[in-house]
Every structure is written in structure tokens, then in C-alpha cells.
Amino acid sequence: MSDKIAIVTGGSRGIGAATARMLAARGHDVAISYLSNADAAAAVVRDIEAAGQRGLAVQCDAASESETERLFETVDKKLGTLTALVNNAGLTGKVDRLDSAPAETIRTCIDASVYGTIWASRAAVRRMSTKFGGKGGAIVNVSSIASKLGSPNYYVWYAAAKGAIDSLTIGLAKEVVKEGIRVNAVAPGIIDTDIHEVSSGLAGRVEKEAHLVPMGRAGTPEEVAEGIVWLLSDAASYVTAEILQISGAR
Ligand code: NAP
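Quantities reported herein were computed from a predicted structural model and do not represent experimental measurements. (Residues numbered from 1 in each chain as written. Predicted model: local features only at pLDDT ≥ 70, side-chain atom pairs only at ≥ 80, totals over all residues. Heavy atoms only, no water.)

(A) Representation of the pairing of strand β5 (residues 137-142) in the model. Burial analysis of β5 places six of its six residues in the buried class, the great majority of the element. Summarising the sheet, strand β4 (residues 84-87) and β5 pair through four bridges and their orientation is parallel. Of the residues in β5, the one forming a bridge with Asn 87 is Asn 141. Regarding topology, helix α4 (residues 103-128) serves as the crossover connection from β4 to the parallel β5, and that connection is right-handed. (Buried < 20%, exposed > 50% of the residue type's maximum accessible area, 1.4 Å probe, protein only. Helix = DSSP H or I, 4+ residues; strand = E, 2+ residues; numbered from the N terminus. Pairing = 2+ DSSP bridges. Right-handed = clockwise from strand over helix to strand, strands pointing away.)

(B) Region of interest: the packing of aromatic side chains. Enumeration over the complete set of coordinates arrives at three aromatic pairs. When the ring of Tyr 115 is compared with that of Trp 119, the centres are 5.5 Å apart and the planes differ by 20°; the resulting orientation is stacked. You can see Tyr 115 and its partner Trp 119 sitting in helix α4, four residues apart, about one turn around the helix. Given a relative accessible area of 40%, Tyr 115 falls into the partly exposed group. In this structure Trp 119 comes out as buried when scored by relative accessible area, which is 17%. Here the aromatic rings of Tyr 154 and Tyr 155 are separated by 5.8 Å at their centres, their planes lie at 70°, and the arrangement is edge-to-face. (Phe/Tyr/Trp six-rings, centres within 6.5 Å; stacked < 30°, edge-to-face > 60°.)

(C) Structural view of the environment of Lys 94. Looking at the element boundaries, Lys 94 is found in the loop between β4 and α4. For the pair Lys 94 and Ile 195, spaced 101 residues apart in sequence, the C-alpha separation works out to 10.0 Å. A distance of 2.8 Å separates a polar atom in the side chain of Lys 94 from the backbone oxygen of Val 198. (Polar contact = N/O pair within 3.5 Å; in protein donor to acceptor, adjacent residues only side chain to side chain.)

(D) Local environment of the state of the cysteines. Counting across every chain of the model gives zero disulfides. We note that Cys 60 lacks a disulfide partner, and the nearest cysteine sulfur, in Cys 109, lies 17 Å from it. Relative accessible area serves as the criterion here: at 4%, Cys 60 is assigned to the buried category. Using a relative accessible area of 0% as the deciding quantity, one classes Cys 109 as buried. (Disulfide = S-S within 2.5 Å.)

(E) Structural view of the layout of surface pockets. If you add up the space inside the largest pocket, you get close to 1100 Å³. Lining the largest pocket are 49 residues, and of these Gly 90, Leu 91, Thr 92, Ile 195 and Ser 199 lie nearest its centre. Counting residues per element, the ones that place at least two in the lining of the largest pocket are α1 (14-25), β2 (29-34), α4, α5 (146-149), α6 (156-175) and α7 (195-199). With four residues, the top contributor of residues to the lining of the largest pocket is α7. In the lining of the largest pocket, the residues fall into 23 nonpolar, 19 polar and seven charged. Lining the second largest pocket we find 20 residues, and of these Lys 4, Thr 83, Gly 137, Leu 232 and Asp 234 sit closest to its centre. (1 Å grid on protein atoms, 1.4 Å probe; cavity = no way out; pocket = protein on both sides within 12 Å on 5 of 7 lines; lining within 4 Å. Points joined across faces, edges and corners; volume = space filled by probe spheres on them. Nonpolar A, V, L, I, M, F, W, Y, C, P; charged D, E, K, R; others polar.)

Without other data, these values stay purely geometric and don't point to any function.
Shown next as C-alpha cells:
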């Protein structure tokens, strides 16, 4: 049992999985959500338990308000009082120009990223806020430097979704700042995960585009997790409404 209880959405792979493992190593019980990859989610839960913490995997489409409510209710019952939320679930959709991208690609991305972050943040505030009798907590949203670059010819809808997440981070942080909740975001650059080959359909992107990063390489999921875990921790007690770029200066 821990007094630090976290939800990481999209915790079965990539940045979410690295964050869930790191949170467990630093004393959190961790619930992860996933969309369809139950085996990968189960492997992350095994690692959380191997770190001596309680782990839980819940299938939950981040885009769905009702599924998100069920995720939080499951965590209430099985783990206890939520103290940390990482809104990480997201996807780009296949690379395209806006004028030819299928509506479904655009909608799926925006629904998971923007509505996903909104539904989960709302559920977290209702539990954490001192206004509702909660004990406070911290939220970290996973944005992207795409919100600044705009991602032309790749996925401008994804960049726009991340821009919405940046605005939500700043606004919600100010809304709940006196209710014991800090809200921050990380904005990763090119990170070596499945998102490029599987979601974007960009085979070999991490190697091909490393030269675009001033540091000369892609980042690792663990390098992003370090920022997320720090923002959630008491060490960042005076940090809120911040968007922390983790991008090798891209
Ligand atoms: P990834 O390796 O493709 O993993 C995506 C994760 O999100 C998986 O756990 C997946 O679950 C889950 N997921 C996708 N859609 C979902 C939905 N509708 N509901 C619930 N879970 C869903 O991606 P990643 O690179 O780690 O990306 C994680 C976050 O970082 C995203 O928000 C992404 O935009 C952001 N980001 C990534 C990069 C990068 O270069 N990698 C850069 C900037 C920002 P399943 O395993 O079940 O499919």
C-alpha cells in the first residue's frame, strides 16, 4: 500500500510505460490504461509489482467520457485516493496533408488527445481538489513540441490537438492553483517509440530525422519520464502552469 497513487493513460507502451515503471520505482502504486494491447499492459503491471507496488491495467479508450469515469471509479475501489495523473494517451494518425487526411484520422487523434485529457483531468480534479474534500495532487499532460512547430505535411491536426493541451494546462493550472493541485505539461521532441512507425507510418523516422535535432539524436521514453515524474513530485512544489520542453533543443 502506498499513499501515492497514480493513473497513467496509455501506459502500455512508449512514454507512458516508461513513466509507469519509473513512478513505481519511486513509490507510487500505478494504474495504467490502454486501448487494445492487453499483453503489453500486463507486462507493465508485472514490472510495477516487481518494484514492490500495486499495479492495475484497465482497458479504456481515452476519448470516451464514460470509459474514463469507469477507469477512475476502478482506481478508487482497487487502489484508493488518487494523487497523480499523467494524461499521456495519444496518437498522430498516418502522415498526410490536411487537405487529404481522412476525417476519421483527424477525429480519432483529437478525440483521444483533447477530449481524453479533458475527461481525465476533470475526473482527477473532482477527486483531488480541496474544494471537493480532496487532499490535492498533481497532473502532467503529455503535449509535444509539435504545438510550436505546427507539423506541416506531417499532421497539423495533431499539432493543433497539442496546442489545445497546452492551453488546457495553463488554464486549469490557474483554475485549481488554490485547491492543492498543480497542473503541468511536458513537450517532448522526437522520442524513440512505436508512435512513428505504427501510428504515423513513418518507417525509420527516428534514425532519418535525428539530424534535425540540435542534440543530434532522438530522446528515450525514460528521458521524458524523468521530467514527468519530477513535475509530479514534491520537488516541483512551486511549479505549475509550466510546459517543460524535453526535446534536445529542437
Ligand atoms: P506509443 O508508443 O505509440 O504509445 C501510445 C500509448 O497510448 C499506448 O499505450 C496506447 O495503447 C495508448 N493509446 C493510444 N490511443 C489511445 C486511446 N484512445 N485510449 C487509451 N490509450 C491509447 O506513443 P508514445 O510515443 O509513447 O506517445 C505517448 C504520448 O507522447 C502521446 O501523447 C504522444 O503524442 C506524445 N509524444 C510523443 C512523441 C514521440 O516522439 N514519441 C513526441 C511528442 C509527444 P495500446 O498499447 O493499447 O495501443
